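Survey of secondary and tertiary structure
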Amino acid sequence: QEISNALLEDRVEVFLQPIFSNSDHGFTSAEALARIRKQDGTILPPGRFNPLAEENGQILQLGERVFEKVCQLLKSIDTKKCGLHYVELNLSVVQCEKQDLAQRLISIARKYQIDPGMINLEITETASISARKTLLENMKELIDYGFSFSLDDFGKGESNLMYVVEMPVSIVKLDMDMSKAFFQTPKAKQVVRAVVSMAHGMGLKVVAEGIETQEENDLIIQEGIDYIQGYYHSKPLPVDAFLEFMEANARAV
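Residues numbered from 1 in each chain as written. Predicted model: local features only at pLDDT ≥ 70, side-chain atom pairs only at ≥ 80, totals over all residues. Heavy atoms only, no water.

Regarding the overall build of the protein chain
To be explicit about the condition: Each helix is a run of H or I in the DSSP string that is no shorter than four residues. Each strand is a run of E no shorter than two, and both are numbered from the N terminus. In this description the radius of gyration comes from C-alpha coordinates, and the expected globular size is given by 2.2 Å times residues to the power 0.38. The rule is simple: take the accessible area with a 1.4 Å probe, protein chains only, and divide by the maximum for that residue type; under 20% is buried, over 50% is exposed, in between is partly exposed. Contact definition: two residues touch when any of their heavy atoms are within 4.5 Å. Methods summary: accessible areas were calculated by the Shrake-Rupley approach with a probe of 1.4 Å, and residue burial reflects only the protein chains presented. Counting rule for charge: Lys and Arg are taken as positive, Asp and Glu as negative, and neither His nor the chain ends is counted. To locate a charge, the coordinates of NZ of Lys, CZ of Arg, CG of Asp or CD of Glu are taken.
Looking only at helices and strands, the protein chain has 12 helices and 10 strands in total. Here the protein chain has a C-alpha radius of gyration of 18 Å; the compact-globule value for 253 residues is 18 Å, and the two agree. Viewed in the frame of its principal axes, the protein chain has a C-alpha envelope of about 50 × 45 × 35 Å. Taken over 253 residues, the protein chain has a buried fraction of 49%. Counted over contacts in the protein chain with a minimum sequence separation of 6, partners at least 24 positions apart contribute 69%. Working note: accessible area of the protein chain is about 12,200 Å², and carbon and sulfur atoms make up 50% of it. Positive and negative side-chain charges in the protein chain, numbering 26 and 37 respectively, have mean positions lying 2 Å apart.

Here we look at helix α7 (residues 132-145)
Counted only if it meets this: A helix is expected to span 1.5 Å multiplied by its residue count minus one. Note that the arc is computed from the directions linking the helix axis to the C-beta atoms.
For α7, spanning 14 residues, the distance from its first C-alpha to its last is 20 Å, which sits close to the expected 20 Å at 1.5 Å a residue. Every buried residue of α7 is accounted for by T134, L135, N138, M139 and L142. Along α7, the residues classed as buried sweep out an arc of 130 degrees about the axis, all on the same side. In α7, the exposed positions angled more than 90 degrees off the buried face are occupied by K133, K140 and D144.

Thoughts on unusual backbone geometry
Backbone geometry places D10, a non-glycine residue, at a positive phi of 55 degrees. Taking relative accessible area as the criterion, D10 reaches 47% and is therefore assigned partly exposed.

Regarding the packing of helix α3 (residues 59-76) against helix α5 (residues 101-111)
Rules: Lines are fitted to the C-alpha atoms to define the axes, a helix being fitted only along its stretch in contact, and any angle between axes, read from their N-to-C directions, falls within 0 to 180 degrees. Note that the term roughly parallel is reserved for angles under 35 degrees, roughly antiparallel for angles over 145, roughly perpendicular for angles of 65 to 115, and oblique for everything else. Handedness of each helix crossing follows the sense of rotation of the near helix against the far helix: counterclockwise by less than a right angle gives left-handed, clockwise gives right-handed. Charged means Asp, Glu, Lys or Arg here, nonpolar means Ala, Val, Leu, Ile, Met, Phe, Trp, Tyr, Cys or Pro, and polar covers whatever is left, Gly included.
The contact between α3 and α5 brings their axes to 9 Å, and the two run at 25 degrees. By the angle between their directions, the pair α3 and α5 is classed as roughly parallel. In this structure, α3 crosses over α5, and the sense of that crossing is right-handed. Contact with α3, carried on its side by E64, F67, E68 and C71, involves R104, L105, I108, A109 and K111 of α5 and no other residues of that element. In terms of residue class, the contact of α3 with α5 is built from five nonpolar, no polar and four charged.

Focus on the nonpolar core
The criterion, for reference: Here the nonpolar core consists of buried residues drawn from Ala, Val, Leu, Ile, Met, Phe, Trp, Tyr and Cys, with membership extended through side-chain atoms lying within 4.5 Å.
Counting residues in each nonpolar core, the largest one holds 74 residues, and the members touching the most others are F67, V70, L84, I119, L121 and I123. In terms of residues, this core owes the most to one element, α3, which gives eight residues. For L121, the contacting residues outside a window of four places in its chain are F67, L89, L91, L105, L142, F147, S148, F149 and S150.

Quick word on the packing of aromatic side chains
Note the following rule: Any Phe, Tyr or Trp ring, taking Trp's six-membered ring, that has another such ring centre within 6.5 Å forms a pair; planes under 30 degrees apart are called stacked, those over 60 apart edge-to-face, and the others tilted.
Inspection of every chain in the model, using the stated rule, returns six aromatic pairs. Judged by centre distance (5.8 Å) and plane angle (35 degrees), the rings of Y145 and F147 are tilted. Under the relative-accessibility criterion, Y145 is labelled partly exposed at 25%. A residue is classified by how much of its surface remains accessible, and F147, at 3% relative accessible area, is buried. With 5.1 Å between their ring centres and 90 degrees between their planes, F182 and F183 make a pair best called edge-to-face.

Remarks on the state of the cysteines
Here is the rule: A pair of cysteine sulfur atoms is labelled a disulfide when the two atoms are within 2.5 Å.
Tallied over the full model, the rule gives zero disulfides. No disulfide involves C82; its nearest neighbouring cysteine sulfur is the one of C71, lying 16 Å away. Unpaired in terms of disulfides, C96 finds its nearest cysteine sulfur in C71, a separation of 17 Å. Exposure remark for C96: the relative accessible area of 0% places this residue in the buried category.

Topic: the pattern of salt bridges
When the charged atoms of two side chains lie near each other, side chains of opposite charge can form a pair. Let me state the cut-off plainly: By convention in these notes, a salt bridge is any Lys or Arg side-chain nitrogen within 4 Å of a carboxyl oxygen on Asp or Glu.
Applying the stated criterion to the full structure yields 17 salt bridges. A salt bridge links R104 to E64, with the nearest nitrogen and oxygen atoms 2.7 Å apart. Taken together, the positions of R104 in helix α5 and E64 in helix α3 put the pair 40 residues apart, joining distant regions of the chain. Since its relative accessible area comes to 41%, R104 is described here as partly exposed. We note a salt bridge from E209 to K173, for which the minimum N-O separation is 3.5 Å. Here E209 is found in the loop between β8 (205-208) and α11 (214-221), whereas its partner K173 is found in strand β7 (residues 171-174), with 36 residues between them in sequence. This pair shows no difference in class: E209 is buried, exactly as K173 is. A network of salt bridges, in which partner residues are shared, links E31, E88, E122, K173 and E209.

Written out as C-alpha cells, the structure is:
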C-alpha cells in the first residue's frame, strides 16, 4: 500500500551516487537509485520495498517512474556544467521480461527529448537468464536507438563468463562482494585482475562498486579499473545535493 500511495502521490524519488572516472580524474557519471519518501518525510530504503515490488509486479511502475524522473532531471540541468556524461539506471528482472520494454523507454526518452547516450541501462546476470531472447531483442532495439548497457553485480551468484560474451554491454560492474574480496584474499585479487584484463581485452570498461576507504581506492586504481563507486567518494544523494557535489567537483578538476 505504501508503494501504491507513493506512486499515486509522487513520493518516489531518485537519489544519485556519483561515480569517479580514473581516466578523467573526476566524477563523470552516477547511478540513479529509487527511494520512497514517506508521508512523515522520512525515507523508506530500497531494501524495504524493492523485494516486495519485485514479487507483486509493482517494480514495473517503480522502474518506469525512476526512468522518467531521470529523463526529467537530464532535461532540466546543464550536464556540461556539472560534468555529467551519463546516468546509470537499473532494470529489474521483471522489466527485462517484458516484450514492450524498449518501446516504453524510448517513448519516455522521446517525450523529454533526451539524448539516449546520456543513459546507461544496467542488467543483472539473473535478468539475462530469464527470457533471454526477449531481453536481447529489447537490448538491440535500445542500443540501436542510442542507449548503452552495463552488466551489473558481476561476480555475484553463479557468474557465467558467457554473459559477458553474449550480452551487448559496454561496462562490467564488479559486485561489491567481489570488490571487497579483492582486498582480503590473494585468490580474489587474481580473479579481479583476470576480469579486468578480460573486459579491457574485449573493449569494455570496468566499475568497482563498494569502495569505502582511501586505501581501497588507492589500491583499486592501481589495477587499472576505469570507474569507482562507493561511500569513499559519496553516498547516494538527493538531486539538489548531487548537483552541488558534481558542480563543486567539476570546478575543482
